[in-house]
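# Understanding the architecture of this molecule
One letter stands for each residue in the lines below.
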Amino acid sequence: MNSRTASFDDLDRKIVTALMANARTSFAEIGAAIGLSATAVKRRVDRLRETGVITGFTATVKPSALGWRTEAYVEVYCEGAAPPRRLAEVVRNHPEITAAMTVTGGADALLHVRARDVEHFEEVLERIRTEPFIRKTISVMVLSHLIPESPEAGANQPAPDGAGDVRLG
């Protein structure tokens, strides 16, 4: 977030909620729903973007439409203490990794991986395991999403190379 301190009131919260539900909602529609003019909503959205509250706008895409039919979470266990910066470098080299984070507990990191199929996932896993500081991985395949409207159920990145014909940005 920007170093400027920003006030965040109930109207801002309503604007953010509306944009999270549908980022294509017009400022006029949001304003009508919360009692502001479209211009006032735009000013607030501009301020929220400037201060880092709103970091961007995105489309949610059905992963299978992009060729991602296999999904897994991979726990990564490292030799010694692998710095998060080094882990970040590794995951950037794998377009199939759609999210990655360091975690507490036994594992050092958790990766969200999408692939065309099980064979592609296995190939991705083998590439990850070639890193010299990775001691082991434990994978959990996703069978279904119990909350299909959650961000995890959609994709906000293009499919890995060759995974599908539809491409974003």
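We now turn to the structure provided with this report.

Overall, the coordinates contain 1 cavity of 30 Å³ or more when judged by the stated rule. In this structure, the largest cavity spans a volume of roughly 40 Å³. When residues of the lining of the largest cavity are assigned to their parent elements, the largest contribution, 3 residues, is made by helix α4 (residues 84–92).

Moving on, we get to helix α1 (residues 10–21). Here α1 is 12 residues long and its end C-alpha atoms lie 17 Å apart, about the 16 Å a rise of 1.5 Å per residue gives. The complete set of buried residues in α1 reads Asp12, Ile15, Val16 and Leu19. Projection of α1 onto a plane perpendicular to its axis shows the buried side chains occupying an angular sector of 95 degrees, all on one side. The secondary structure elements touched by the buried residues of α1 are α2 (27–34) and α3 (38–50). If you check the start of α1, you find a side-chain oxygen 3.1 Å away from the backbone N of Leu11, and it comes from Asp9.

Of the voids in this model, the second largest pocket is the one considered here, and its volume is about 170 Å³. Lys62, Pro63, Ser64, Trp68, Arg69, Thr70, Glu71, Arg114, Val142, Leu143, Ser144 and His145 together form the lining of the second largest pocket. For the lining of the second largest pocket, the residue count by class is 4 nonpolar, 4 polar and 4 charged.

About the thresholds
- Within every chain, residues take consecutive numbers counted from 1 along the sequence as written.
- The model is predicted, so local features are restricted to residues of pLDDT at least 70 and side-chain atom pairs to those at 80 or more, both for listing and for counting; the totals for chains, interfaces and linings are taken over all residues.
- Hydrogens are left out, water is left out, and the side-chain values use all remaining heavy atoms of the structure.
- Note on definitions: the grid is 1 Å and covers protein atoms alone; a cavity is a set of points where a 1.4 Å probe fits but cannot get out; a pocket is an open set with protein on both sides within 12 Å along at least five of seven lines; lining residues have an atom within 4 Å of a point.
- Grid points are joined across faces, edges and corners, and a volume is the space filled by probe spheres set on the points.
- We count a stretch as a helix when DSSP gives it H or I for four or more residues in a row; a strand needs E for two or more, and each element gets its number in order from the N terminus.
- How far a helix is expected to stretch is found by multiplying one less than its residue total by 1.5 Å.
- Exposure is judged per residue with a 1.4 Å probe applied to protein chains only, and the accessible area is read against the type maximum: over 50% gives exposed, under 20% gives buried, and values in between give partly exposed.
- Read the arc as the range of directions from the helix axis to the C-beta atoms.
- Residues are treated as being in contact if the distance between any of their heavy atoms lies within 4.5 Å.
- The definition of a polar contact used here is a pair of N or O atoms within 3.5 Å, where within protein one atom must be able to donate a hydrogen and the other to accept one, and adjacent residues in sequence count solely through side-chain atom pairs.
- Asp, Glu, Lys and Arg are counted as charged, while Ala, Val, Leu, Ile, Met, Phe, Trp, Tyr, Cys and Pro are counted as nonpolar; the rest, among them Gly, fall into the polar class.

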